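Coordinate inspection notes
This is what each chain is made of:
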Amino acid sequence: MNMHSLILRTAGHFLLPLLLLFSVFLLLRGHDEPGGGFIGGLVAAAAIVLYLFSMDTESARKVLRVDPRDVLGAGMVLAVLSTIPGVFLGQPFFTAQWWEFTAPVFGDIKLSTVLIFDIGVYLVVIGSVLTIMLNLAEAED
Amino acid sequence: MFDIAIIAANVLLSIALVLGFWRLYLGPTLPDRVVALELIASLTIGYIAVYVISSGRTPFVDVAMVLALTAFLAAVGFARYLEKGGHRDDD
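Conventions and cut-offs
Residues numbered from 1 in each chain as written. Chains lettered and ligands numbered in written order. Predicted model: local features only at pLDDT ≥ 70, side-chain atom pairs only at ≥ 80, totals over all residues. Heavy atoms only, no water. Helix = DSSP H or I, 4+ residues; strand = E, 2+ residues; numbered from the N terminus. Rg over C-alpha atoms; globule rule 2.2 N^0.38 Å. Contact = heavy atoms within 4.5 Å. Areas by Shrake-Rupley, 256 points an atom, 1.4 Å probe, with all protein chains shown as cover. Lys, Arg positive; Asp, Glu negative; His and termini not counted. Charge placed at Lys NZ, Arg CZ, Asp CG, Glu CD. Buried area = accessible area lost by both parts, 1.4 Å probe. Salt bridge = Lys/Arg side-chain N within 4 Å of Asp/Glu carboxyl O. Nonpolar A, V, L, I, M, F, W, Y, C, P; charged D, E, K, R; others polar. Axes fitted to C-alpha atoms, helices over the stretch in contact; angles between N-to-C directions. Left-handed = near helix turned anticlockwise from the far one by under 90°. 1 Å grid on protein atoms, 1.4 Å probe; cavity = no way out; pocket = protein on both sides within 12 Å on 5 of 7 lines; lining within 4 Å. Points joined across faces, edges and corners; volume = space filled by probe spheres on them. Core = buried A, V, L, I, M, F, W, Y, C linked by side-chain atoms within 4.5 Å. Buried < 20%, exposed > 50% of the residue type's maximum accessible area, 1.4 Å probe, protein only.

This brings us to the overall build of chain B. A tally of regular secondary structure across chain B gives three helices and zero strands. Traced from its N-terminal end to its C-terminal end, chain B shows the element sequence α-α-α. Here the C-alpha radius of gyration of chain B, 16 Å, is well above what a compact globule of 91 residues would show, namely 12 Å. Expressed as lengths along the three principal axes of its C-alpha atoms, the size of chain B is roughly 50 × 25 × 10 Å. A sequence separation of at least 24 residues applies to 57% of the contacts in chain B between residues at least 6 apart. By element, 74% of the accessible surface of chain B is carried by carbon and sulfur atoms, the whole surface being about 5600 Å². Positive and negative side-chain charges in chain B, numbering 6 and 8 respectively, have mean positions lying 5 Å apart.

Moving on to the interface of chain B and chain A. At the interface, 13 residues of chain B touch 18 residues of chain A. Between chain B and chain A, a total of about 1500 Å² is buried, with carbon and sulfur atoms accounting for 76% of that surface. Connecting chain B to chain A are one salt bridge. For Arg29 of chain A, the salt bridge identified is with Asp62 of chain B, shortest N-O distance 2.8 Å. Counted by class, the side of chain B that touches chain A contains eight nonpolar, one polar and four charged residues.

Across the interface, helix H2 (residues 37–54) of chain A lies against helix H3 (residues 60–83) of chain B with an axial gap of 10 Å and an inter-helix angle of 35°. Read as a crossing pair, H2 of chain A and H3 of chain B show a hand that is left-handed. Between H2 of chain A and H3 of chain B, the residues in contact are Ile39, Val43, Ala46, Val49, Leu50, Leu52 and Phe53 of chain A and Val66, Leu69, Phe72, Leu73, Val76, Gly77 and Arg80 of chain B, respectively. For the contact of H2 of chain A with H3 of chain B, the residue count by class is twelve nonpolar, one polar and one charged.

Attention now moves to the layout of surface pockets. Computed from the structure, the largest pocket encloses a volume of approximately 300 Å³. Per-element tally for the lining of the largest pocket: the top contributor is strand E2 (residues 107–112) of chain A, with five residues. Tallied by class, the residues present in the lining of the largest pocket amount to seven nonpolar, three polar and three charged. Lining the second largest pocket are Leu42, Val43, Ala45, Ala46, Val49, Phe53, Val129 and Met133 of chain A together with Val66, Thr70, Leu73 and Gly77 of chain B. Sorting the residues of the lining of the second largest pocket by element identifies H2 and helix H6 (113–140) of chain A together with H3 of chain B as the ones contributing at least two each.

Our next topic: the nonpolar core. Counting residues in hydrophobic clusters, the biggest one holds 25 residues, and the most contacted among them are Leu19, Val43, Leu64, Ile126 and Leu130 of chain A together with Leu73 of chain B. Top element by residues in this core is H2 of chain A. It accounts for nine residues. Excluding anything up to four places from it in sequence, Leu130 of chain A contacts Ala45, Ile48, Val49, Leu64, Pro68 and Asn135 of chain A.

So, in structure tokens, the structure goes:
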């Protein structure tokens, strides 16, 4: 099943945490610069797929700890929930809401429903790509 | 001097890209074509790097990183397919 490549296995171990960190960086930066939920989720899924290629399907499932379909569902729920607050403020459905406040260490922080929607997209992309890849890898066995 | 270096890099990358496509078209077996595709992906990363240097738009370095990652995954996927005995002579 796996390719028993020492180089690939070592590289996979080192690259997995780095790529997951890079995906979170892309997710959070995505508001005004290149990045966002979709590409961040794709990088995170690629990191786990790289791990899957270097190890086997069991250990790749253990990285995620939950079923990828649950991740997909959670992301979809989060994305839909982020559209609702605008309705209660008398604005159209999907209107973005912003909260600005000053935190002790981080300085000015802007939170928005856009960020929640992006995190939802991130989880949906991870869930759907990993569902496809893990099922394909298991069908190969 | 800087402009000449950028133009020279672009010309060399373009020549390499044409040769890579030629091998992709010619390649008698599937492994040849996989290597040609990998070469084309690496050259595309080179184009992005030259563009970042010439324009100074550093966020595009991340684009090169993501492209390198996906190209590597594609190569590993092809290698798995070939190791599992996919047919190699595709002419």
